[in-house]
Amino acid sequence: MKLSILVPVYNEVATFDLVRKRILDVDYPCDVEVVVVDDGSTDGTADLLAAVDDPRVVVHHHDVNRGKGAAIATAARIASGTHLTICDADLEYDPDDIPSLLRPVLDGDAEVVYGTRTFSSHTSFSFWFVLGNRAVTTFANVLFNCYIRDLETCFKLMPLDLYRRLGVRSAGFGMEAEVTGKLLRAGYRPYEVPISYTARSRAEGKKLTWRDGVEALWILLRIRAGLDRTGKGQTSPDRAGRA
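What you see is a predicted model; the values in this text were computed from it and never measured. Per chain, the residues get numbers from 1 upward, laid out in the order the sequence is written. This being a predicted model, a pLDDT of at least 70 is required before a residue's local features are given, and a value of 80 or more before pairs of side-chain atoms are given or counted; all residues contribute to the totals for chains, interfaces and linings. Only hydrogens and water are removed before side-chain values are computed, so all heavy atoms of the structure are retained for them.

> I'm lost on unusual backbone geometry in this one. Help?
It is generally the case that most residues other than glycine have a negative phi and that most peptide bonds are trans. Positive phi outside glycine occurs at asparagine 11, with the angle close to 55 degrees. Helix and strand labels come from DSSP, where a helix needs a run of H or I of at least four residues and a strand needs a run of E of at least two; each type is numbered from the N terminus. Counting through the fold element by element, asparagine 11 comes out in the loop between β1 (2–9) and α1 (16–25). With a phi close to 50 degrees, asparagine 145 is a non-glycine residue in the positive phi region. With respect to the helices and strands, asparagine 145 occurs in the loop between α5 (127–144) and β6 (156–159). For asparagine 145, a relative accessible area of 70% gives the class exposed. Exposure categories follow from relative accessible area, calculated using a 1.4 Å probe and restricted to protein chains: below 20% of the type maximum is buried, above 50% is exposed, and the middle band is partly exposed.

Set out below in structure tokens:
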């Protein structure tokens with residue numbers, strides 16, 4: 001097993017070096033590569049990436065900002081691992097949690113694993129952010145008759161080939177809802193493990209807005225109604241971690 005950790009980066013000059021170091025310092029139970037896509041940064045992030053000298057790190061640049069979904073799509077095309085997960089470059093997620101995502105896969109208990117956040121007063125961005133995440137997650141549970149706890153989590157781990165077959169089209173943050181919607185429609189039920197999370201503020205670079213929540217609802221409804229057939233027909237094996 002080889003894990004490709006996909007890192008979309010946009011104007012993260014203040015945090016990227018620390019995130020890169022923390023990702024590479026983790027003791028993983030398998031081989032890893034880190035695929036970084038600079039999505040048209042204008043704040044000096046590209047200069048930091050040019051200085052990266054580690055055989056485990058692959059760097060690609062977009063000439064202009066195209067969105068998180070587009071950056072992940074590029075990274076997924078470049079990746080050479082058997083499995084992937086995504087790790088944002090903003091320090092909201094802790095790379096030390098990634099091995100806990102791998103464990104159910106290595107133990108043969110799951111194929112798709114989600115890291116589930118627990119929001120509290122000192123880790124959440126705002127009441128409305130948490131409420132919005134819960135609303136989108138509940139909407140998905142109702143549409144697909146399932147029970148997941150954190151649709152929007154960045155920590156989603158799955159086989160690289162499966163991700164590619166989903167045919168994710170959303171260029172922005174809507175890719176999170178699209179990935180989950182297509183997995184649920186295909187019969188996958190993510191195995192969930194708890195992770196730590198510390199939201200950053202707008203001043204620190206928080207980019208999500210209420211519009212992204214509305215877009216997520218529309219994407220889920222469109223997938224459930226069969227208006228987007230890409231990824232249809234994928235089936236998961238009968239194994240633990242699936243409802």
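Alright, that's what it looks like, and here's the rest.
> Looking at this structure, I do not really get the nonpolar core. What am I missing?
When a protein is soluble and globular, its nonpolar side chains tend to lie buried together. The criterion is simple. A nonpolar core is a set of buried Ala, Val, Leu, Ile, Met, Phe, Trp, Tyr and Cys residues joined through side-chain atoms within 4.5 Å. Ranked by size, the top nonpolar core spans 58 residues in total, and within it Leu6, Tyr163, Val179 and Leu183 carry the most contacts. Throughout, a residue-residue contact means that at least one pair of heavy atoms, one from each residue, lies within 4.5 Å. Once you skip the residues sitting within four places of it in the chain, tyrosine 163 turns out to touch Ile72, Ala76, Leu84, Met158, Val168, Met175 and Val179. Among the nonpolar cores identified, the runner-up in size contains 13 residues, and Ile148, Ala216, Ile219 and Ile223 belong to it.

> I tried to follow the environment of leucine 49 on my own but got confused; where do I start?
Take leucine 49: it is sitting in helix α2 (residues 45–50). Classification of leucine 49 as buried rests on a relative accessible area of 3%. Taking C-alpha positions, leucine 49 is 9.4 Å from histidine 61, a pair spaced twelve residues apart along the chain. Once residues within four sequence positions are removed from consideration, leucine 49 is found in contact with Phe16, Val36, Asp38, Val59 and His61.

> Can you help me understand the side chain of lysine 182 in this one?
The residue lysine 182 is located in helix α7 (residues 175–185) in this model. A residue is classified by how much of its surface remains accessible, and lysine 182, at 0% relative accessible area, is buried. A polar side-chain atom of lysine 182 sits 2.7 Å from a polar atom in the side chain of glutamate 178. Polar contacts, as counted here, are pairs of nitrogen or oxygen atoms within 3.5 Å of one another; within protein the pair requires one atom able to donate a hydrogen and one able to accept it, and residues that are adjacent in sequence qualify only if both atoms are side-chain atoms.

> Explanation requested: the confidence of the model for the chain in the structure shown.
Low pLDDT marks stretches whose predicted atomic positions should not be read closely. Per-residue confidence from the predictor is reported as pLDDT, a score between 0 and 100. When the pLDDT values of the chain are averaged, the result is 87; 85% of them are 70 or greater. Note that residues 231–243 has pLDDT below 50 and, in this model, 29 contacts with residues that lie over four places away or in other chains.

> I'm lost on the side chain of serine 41 in this one. Help?
Counting through the fold element by element, serine 41 comes out in the loop between β2 (31–39) and α2. In terms of polar contacts, serine 41 uses its side chain to reach the backbone amide nitrogen of asparagine 11, at 2.8 Å. Within the local environment of serine 41, its side chain forms a polar contact with the side chain of aspartate 38, the two groups lying 2.5 Å apart. Each residue touching serine 41, except ones within four places of it in the same chain, is listed here: Val9, Tyr10 and Asn11.

> It is not clear to me how α1 should be interpreted in this structure. Could you clarify?
Taken together, the buried positions of α1 are occupied by Phe16, Val19, Ile23 and Leu24. The buried residues of α1 occupy an angular sector of 125 degrees when projected down its axis, which confines them to one face. Taken together, the buried residues of α1 touch β1, β2, α2 and β3 (57–62). Throughout, the arc means the angular range of directions from the helix axis out to the C-beta atoms.

> When you look at helix α4 (residues 98–106) in this model, what are you seeing that I'm missing?
One full turn of an α-helix is made of 3.6 residues, so residues set three or four places apart face in the same direction. Every buried residue belonging to α4 is among Ile98, Pro99, Leu101, Leu102, Pro104 and Val105, and all of these are buried. Against the buried residues of α4 lie β1, β4 (83–86), β5 (113–117), β6 and β7 (191–195). A positive phi of about 80 degrees marks glycine 108, the residue just after α4.

> Where do I start with the pattern of salt bridges in this structure?
Two side chains that carry opposite charge are able to pair once their charged atoms sit near each other. For this analysis, a salt bridge means a side-chain nitrogen from Lys or Arg found within 4 Å of a carboxyl oxygen belonging to Asp or Glu. On inspection of all chains with the given rule, the structure shows 13 salt bridges. Residue aspartate 17 is joined to arginine 20 by a salt bridge in which the shortest nitrogen-to-oxygen separation is 3.5 Å. Here aspartate 17 and its partner arginine 20 are both found in helix α1, three residues apart, which amounts to about one turn of the helix. By relative accessible area, which is 33% here, aspartate 17 ends up partly exposed. In this structure, the salt-bridge partner of lysine 156 is glutamate 176, at a minimum N-O distance of 2.6 Å. Of the two residues, lysine 156 sits in strand β6 while glutamate 176 sits in helix α7, which places them 20 residues apart along the sequence. Under the relative-accessibility criterion, lysine 156 is labelled buried at 2%. Accessibility expressed as a relative area gives 3% for glutamate 176, which makes it buried. The network of salt bridges with shared partners includes Lys68, Asp88, Lys156 and Glu176.

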